[in-house]
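Chain by chain, the residues run as shown.
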Amino acid sequence: MSTSNHIVIIGTGIAGLSAAQGVREVDPEVRITLIGEDCYPPYDRTHLSKQMLKPEARLEASSLMESEWFDQNDIQLILNTRIEYIDTAAQSISTSVGETIQYDALVLALGTRARQLPASLGQIESTRIHTLRSAEDALRLQGALDDSKRLVIVGAGLIGLEVAAAARARGITVDVIEAGSRILQRSCDPYTADRIASLHAENGVKLHLGQSIESVSESAQGSVTLHMSDGTALEADLMVVGIGVIPNTDLAESAGIAVDNGVVVDGFGRTNVLNVYAAGDGASLPIQGQNCLTRLETWRHAQDHGRCVGMNAAGQQTEYKAHASFWSDQYENRIQGVGLIYDEIASTLVRLYESGAHVSFLLDQDRVLKAVLGIDAAKDVNAMGKLVGQVLSVSDHELKDEHQPLVPIVKKLLKKVS
Ligand SMILES: Cc1cc2nc3c(=O)[nH]c(=O)nc-3n(C[C@H](O)[C@H](O)[C@H](O)COP(=O)(O)OP(=O)(O)OC[C@H]3O[C@@H](n4cnc5c(N)ncnc54)[C@H](O)[C@@H]3O)c2cc1C
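It should be emphasised that the depicted structure is a prediction, and the values quoted were computed from it without experimental measurement.

Draft legend 1. Examining the site of the ligand more closely. For the ligand, the set of nearby residues contains 34 residues, the closest of which are E37, R45, K50, R133 and D281. Take D38: an N or O atom from its side chain is 3.5 Å from an oxygen atom of the ligand. The separation between an oxygen atom of the ligand and a polar main-chain atom of W299 is 3.1 Å. Among the residues forming the shell around the ligand, the class breakdown is 14 nonpolar, 11 polar and nine charged.

Draft legend 2. Region of interest: the side chain of T249. Here T249 is to be found in the loop between strand 17 (245–247) and helix 6 (250–254). Setting aside residues no more than four positions away along its own chain, T249 makes contact with V259, G262 and V263.

Draft legend 3. The domain arrangement of the protein chain, seen in detail. The domains assigned to the protein chain are domain 1 (6–113 + 246–313), domain 2 (119–243) and domain 3 (345–417). On a C-alpha basis, the centres of domain 2 and domain 3 stand 33 Å from each other. Across the contact, seven residues belong to domain 2 and 10 residues belong to domain 3. Here domain 2 and domain 3 share an interface that buries about 630 Å² over both sides, 64% of which is from carbon and sulfur atoms. It is D189, Y191 and R195 in domain 2 that bury the most area against domain 3; as a group they hold 71% of the surface buried on that side. The interface formed by domain 2 and domain 3 holds zero salt bridges in total.

Draft legend 4. Here's a closer look at helix 5 (residues 190–202). Here helix 5 spans 18 Å end to end across 13 residues, near enough to the 18 Å set by a 1.5 Å rise per residue. Those residues of helix 5 hidden inside the fold are in contact with helix 4 (158–169), strand 12 (206–209), strand 21 (325–330), strand 22 (333–339), strand 24 (358–363) and strand 25 (369–375). Once helix 5 finishes, G204 follows within two positions and takes phi at roughly 90°, a positive value.

Draft legend 5. Expanded view of the pattern of salt bridges. Under the criterion given, the structure shown has 15 salt bridges. Among the salt bridges present, the one from R45 reaches D38, with a minimum N-O distance of 3.9 Å. Residue R45 is classed as partly exposed on the basis of its relative accessible area of 26%. Between E297 and R186 there is a salt bridge, and its shortest N-O distance comes to 3.3 Å.

Draft legend 6. Region of interest: the environment of P408. Tracing the backbone shows P408 in helix 10 (residues 406–417). When its relative accessible area of 47% is taken as the criterion, P408 is described as partly exposed.

Draft legend 7. Looking closely at the sheet that holds strand 4 (residues 83–87). On the basis of which strands lie adjacent, the open sheet formed by three strands has the order 4-5-6 and antiparallel pairing. Of all strands in the sheet, those with a lone pairing partner are strand 4 and strand 6 (100–102), marking the two edges. Across the sheet, the axes of successive neighbouring strands diverge by a mean angle of 20°, strand direction being ignored. In terms of strand pairing, strand 5 (residues 92–95) meets strand 6 through three bridges, oriented antiparallel. Each bridged residue has a counterpart across the sheet, and for S92 the counterpart in strand 6 is Q102.

What counts and how
- Per chain, residue numbering runs from 1 following the sequence as it is written.
- This being a predicted model, a pLDDT of at least 70 is required before a residue's local features are given, and a value of 80 or more before pairs of side-chain atoms are given or counted; all residues contribute to the totals for chains, interfaces and linings.
- Note: side-chain values were computed over all heavy atoms of the structure, leaving out hydrogens and water.
- The criterion for a residue being near a molecule or strand is simple. One of its heavy atoms has to lie within 4 Å of it.
- Here a polar contact is recorded for every N or O atom pair within 3.5 Å, except that within protein the pair must consist of a potential hydrogen donor and a potential acceptor, and residues adjacent in sequence are included only if both atoms are side-chain atoms.
- Three residue categories are used. Nonpolar comprises Ala, Val, Leu, Ile, Met, Phe, Trp, Tyr, Cys and Pro, charged comprises Asp, Glu, Lys and Arg, and polar comprises the others, including Gly.
- Segments assigned H or I by DSSP are reported as helices when at least four residues long, segments assigned E as strands when at least two residues long, and all are numbered from the N terminus.
- Note on contacts: a residue pair qualifies if any of its non-hydrogen atoms lie within 4.5 Å across the two residues.
- How far each domain reaches was decided by an automatic or database domain assignment.
- Buried area: the accessible area, evaluated with a 1.4 Å probe, that two parts lose upon being put together, summed over both parts.
- Salt bridge, as used here, is a side-chain nitrogen of Lys or Arg placed within 4 Å of a carboxyl oxygen of Asp or Glu.
- The span you would expect from a helix comes to 1.5 Å times its residue count less one.
- Residue exposure (1.4 Å probe, protein chains only): buried if accessible area is under 20% of the type maximum, exposed if over 50%, otherwise partly exposed.
- Two strands are counted as paired when DSSP detects at least two bridges linking them.
- Axis definition: a line fitted to C-alpha atoms, limited for helices to the stretch in contact. Angles are taken between N-to-C directions and run from 0 to 180 degrees.

Encoded structure:
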């Protein structure tokens, strides 16, 4: 049971919503306020680059909770309200309309915002140039896709490539420009990334690798032109910029809360300021096996972290065990990964099925499984995901041989470590 009377959660994304759920699980009585600048009730952000880009798709279908849920759980939901200031001494927050709200415990679930192109590139304020983070962005992009024949995407990360797949399904010509020498450098191993690149090529997407942007301009005829470093230019009706995100830390920083590429928290979600917690994409946290604070940008983490931190804000003391996993849907394919791939990977083993599905096992020099990724191999990735961080005492042959089912191998290995 909580010792707090009023728990305030800022941010109505999945981390904020899950924090509210976590608080309520622990304490049926405590007053909960969930407040954020988004003008729509909590929705599934992962749909924004997938389902929501289909013609006629409606945001209501991506809603995370029935509207009655908030009343039933006695959670006050305040939308369309930006928090401008936190007074940690007075334990209060100030809204953009000048209201002050007192808290006994505060959870910051502030997430991230899309990184924009630098202004030095030219006409980046054009209405033809989009980023994709909020429901409003998705609705705007959905409408713009209706009227476009040519799309250029800057950045071959997961969001850019999901937008590419959605646009191809509408018959739109798609060019993707990527500064790196391959796609998906931050999220996938080279084998998986190459297969995804082939998938896009087969579907008619033109990938321009190793290209930076020299300038952007808008023509009077209503198109945008992007000049690439190799001297060529691409003209399009529409441009989507998918070059990563920036954590929303200004609010915390101005309140004296420690920030390091995200709001710094310990394993319980506590910041350096008493009674202030942080969760989700916007929090930098200790993760087992990593020697520095890490910020994860995935749905499952934001959900689990939010719930755990909400429970702790309500008086529980549960240490968070991070689950680094992601998925992405492109064309008819599901891409999945468990584990972090920024560590030194000594070898990658691949199991390729006749169906075209595959699993990549990323091992370090001591044969510890650092990550497992796959395309259309959900059962294997989920099973092997349980072994991430463990030494894999099976032969390469067993891992690679598609005729030896992985689930029993995983069960055997799990028995060994327990
Ligand atoms: C288009 C898209 C597709 C994605 N697809 C996948 C996927 O397939 N798989 C996957 O694992 N992950 C995916 N992700 C990532 C996943 O959606 C995020 O990890 C998750 O939404 C993070 O949740 P969060 O609550 O921490 O942050 P957010 O969802 O960013 O929520 C933070 C909220 O806080 C609000 N806020 C910030 N500052 C203030 C303030 N001062 N006052 C009031 N409110 C404030 C923001 O407006 C926002 O509503 C995708 C993300 C995007 C954008």
